[in-house]
Amino acid sequence: MNKPQPTFLLTEAVNRLLSESDLPASLTIEQCASALAMSMTSFRRKLTLEETSYKLIQSKFLNELCVTALLTMQSKIDDLAIKLGYSERATFERAFRQKFGITPSQFRELSLMTSVENNYLKLTEIAENMPPMPGSCKQLLQEKDQGNLDLQRVLNIVGKDVVFSGRIMGQASKAIYGRTPKTLQEAISRNLGIGTVVNFAIVYAVKDALQEHVEKVIIEQYSQAFLLAPKLFQRLRKLLSADIKFDIALTEQVLVFSLLGIFLLSHKSTYKHELVLYSLQGIEDLQSLNEHIRESMAISLYGASSLMLSLWHLDASLVKHIGHLDKVSHSGTKGSEQDELILFMLSCLYFAAAGHNDFSVLEQKAELLHIQNFSEIKQLLADLN
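Rules and cut-offs
- Residues numbered from 1 in each chain as written.
- Predicted model: local features only at pLDDT ≥ 70, side-chain atom pairs only at ≥ 80, totals over all residues.
- Heavy atoms only, no water.
- Helix = DSSP H or I, 4+ residues; strand = E, 2+ residues; numbered from the N terminus.
- Rg over C-alpha atoms; globule rule 2.2 N^0.38 Å.
- Contact = heavy atoms within 4.5 Å.
- Areas by Shrake-Rupley, 256 points an atom, 1.4 Å probe, with all protein chains shown as cover.
- Lys, Arg positive; Asp, Glu negative; His and termini not counted.
- Charge placed at Lys NZ, Arg CZ, Asp CG, Glu CD.
- Phe/Tyr/Trp six-rings, centres within 6.5 Å; stacked < 30°, edge-to-face > 60°.
- Buried < 20%, exposed > 50% of the residue type's maximum accessible area, 1.4 Å probe, protein only.
- Salt bridge = Lys/Arg side-chain N within 4 Å of Asp/Glu carboxyl O.
- Axes fitted to C-alpha atoms, helices over the stretch in contact; angles between N-to-C directions.
- Left-handed = near helix turned anticlockwise from the far one by under 90°.
- Nonpolar A, V, L, I, M, F, W, Y, C, P; charged D, E, K, R; others polar.
- Expected span 1.5 Å × (residues − 1).
- Arc of directions from axis to C-beta.
- Parallel < 35°, antiparallel > 145°, perpendicular 65-115°, else oblique.

**Q** Even after reading the chapter, I still don't get the overall build of the chain, so can you show me in this structure?
**A** When helices and strands are tallied, the chain shows 23 helices and 2 strands. Here the chain has a C-alpha radius of gyration of 22 Å; the compact-globule value for 385 residues is 21 Å, and the two agree. Taking the contacts inside the chain whose residues are at least 6 apart along the sequence as the reference set, 69% of them involve residues at least 24 apart. Carbon together with sulfur atoms contributes 49% to the accessible area of the chain, which is approximately 17,600 Å² in total. When the 39 basic and 42 acidic side-chain charges of the chain are each reduced to a single mean position, those positions are 4 Å apart.

**Q** For this particular structure, what's the right way to read the packing of aromatic side chains?
**A** Taken as a whole, this structure holds 13 aromatic pairs when the rule is applied. Summarising the aromatic geometry, the rings of Phe 92 and Phe 96 are spaced 5.9 Å apart at their centres and angled 65° between planes, so their arrangement reads as edge-to-face. In this pair, Phe 92 and Phe 96 are both assigned in helix α6 (residues 89-100), 4 residues apart and thus about one turn of the helix distant. With respect to class, Phe 92 is no different from Phe 96; both count as buried. Measuring from ring centre to ring centre gives 5.4 Å for Phe 100 and Phe 107, while their planes differ by 70°; the resulting arrangement is edge-to-face. Of the two residues, Phe 100 and Phe 107, neither departs from the other in class, the shared state being buried. What links up through ring pairs into an aromatic cluster is the set Tyr 86, Phe 92, Phe 96, Phe 100 and Phe 107.

**Q** Explain the pattern of salt bridges to me, please; I cannot follow it from the model alone.
**A** When the charged atoms of two side chains with opposite charge come close together, those side chains can pair. Scanning the model with the defined rule gives 12 salt bridges in all. Close ionic contact of Glu 93 with Arg 89 constitutes a salt bridge, the shortest N to O distance being 2.9 Å. Separated by 4 residues within a single helix, Glu 93 and Arg 89 lie in helix α6, roughly one turn from each other. Under the relative-accessibility criterion, Arg 89 is labelled partly exposed at 30%. Arg 153 is paired through a salt bridge with Glu 143; the nearest N and O atoms lie 3.1 Å apart.

**Q** What should I look at first to understand the packing of helix α15 (residues 248-257) against helix α21 (residues 337-353) in this one?
**A** In a packed pair of helices, the relevant descriptors are the angle between the two axes and the axis-to-axis distance. Here α15 crosses α21 at 35°, and the two axes come no closer than 10 Å. At the point where α15 passes α21, the crossing takes the right-handed sense. Residues Thr 251, Val 254 and Leu 255 of α15 touch α21, and the partners they reach there are Ile 342, Met 345, Leu 346 and Leu 349. In terms of residue class, the contact of α15 with α21 is built from 6 nonpolar, 1 polar and no charged.

**Q** What am I meant to see in the environment of Ser 269 here?
**A** Tracing the chain through its elements places Ser 269 in the loop between α16 (261-265) and α17 (273-282). Note on Ser 269: relative accessible area 36%, which makes it partly exposed. Taking the C-alpha atoms as reference points, Ser 269 and Glu 186, 83 residues apart in sequence, are found 41 Å from one another. Apart from residues lying up to four places away in sequence, Ser 269 is in contact with Lys 122 and Ile 126.

**Q** Can you help me understand helix α1 (residues 9-20) in this one?
**A** Side chains three or four residues apart in an α-helix point the same way, a direct result of the helix having 3.6 residues per turn. With 12 residues, α1 extends 17 Å between its outermost C-alpha atoms, agreeing within 8% with the 16 Å of an ideal straight helix rising 1.5 Å per residue. Buried within α1 we find Leu 10, Thr 11, Ala 13, Val 14, Leu 17 and Leu 18. Axial view of α1: buried residues confined to an arc of 160°, hence all on one face. Those residues of α1 that are exposed and angled more than 90 degrees off the buried face are Leu 9 and Glu 20. The secondary structure elements touched by the buried residues of α1 are α2 (29-35), α3 (40-49) and α4 (54-72).

**Q** What's the story with the packing of α4 against helix α18 (residues 286-297) in this structure? I'm lost.
**A** Running from amino to carboxyl end, α4 crosses α18 at an angle of 15°, the nearest separation of the two axes being 10 Å. In this view, α4 runs roughly parallel relative to α18, as classed from their interaxial angle. In this structure, the crossing between α4 and α18 has a hand that is right-handed. Of the residues in α18, those touching α4 at Lys 60, Asn 63, Glu 64, Val 67, Leu 71 and Thr 72 are Gln 287, Ser 288, His 292, Glu 295 and Ser 296. Considered class by class, the residues forming the contact of α4 with α18 number 2 nonpolar, 6 polar and 3 charged.

**Q** Mind showing me how you'd approach the environment of Pro 132 here?
**A** Here Pro 132 shows up in the loop between α8 (116-128) and α9 (135-145). For the pair Pro 132 and Ala 209, spaced 77 residues apart in sequence, the C-alpha to C-alpha distance is 8.2 Å.

By themselves, these figures tell us nothing about what the structure is for.
Quick look at the structure:
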């Protein structure tokens, strides 16, 4: 992967203006351009070069302002309502409750339930005490690590696990993978591929291990999103206007596993699992969610995923790259083209799994990333809901 590029200078300047404004929700694009002594044409063009827009920056800023203010006690709820563009507190509370499922005051109370340090220790304890992976999954990983995983070996391992065989046949029958397979060999060799089968084995193993400890709607929706990742990646490569070179095997792993930490963070034994559930319901932007998790639980979403993967002894290069994406996402620097596209795909998977339905922000981001016919991706994601 390429090294990260310089910081988003204009994006930072816009965020600074928003943070200095008493009414950031009312700050117009014209006012912002004028404050920076730029014409509207130049302002829009330079933001496009940073693969963003004023609408995207302002929307993200307001979302983060809302959650951060509630978590850190920075603002009274009455003052926060005005900053967010609401005429009065009652209007803000109604909108917040409609989106998050609870009032702003209740959200704030959940965030203060325990210290972030104690919460981190609890998360580590839960991860360390997860059940071992099933035999078929363990065998697949061992053979892969030893370089012995060919088609026949996969068939021998998977064929002995009736439940997993059925799951593989079901996944391989989806139209995007080609003709409906008649045998397990066709499903693996023609439709899915060995790498995807190993990835799916891990997803199903985690799902089965945690299904009694995570709300059913979370375990089902997010598992389906992780299983959808290879299709999304395949579709996106066809829709790119430029030929971007990916490490296909590694990228597929990153897409399948980067959000796995949601299961750990929403585990019923964590001190703040209710806060996570309401956050997943209300926060539409993945980067904002990650920053909120980092602030309230002393670990990022990607960090939680890496913790689980490390304890199950998954490929170190995978864990390293998830850490790299976390750094790019958190630092405000621009990653490589591959990084930005992977983060976009992860945003799509999260958005669909969480059940959000206003795709306008993702559609605008897709346009900035030169992804053609976003409607095809939207239709693919809509299948989860």
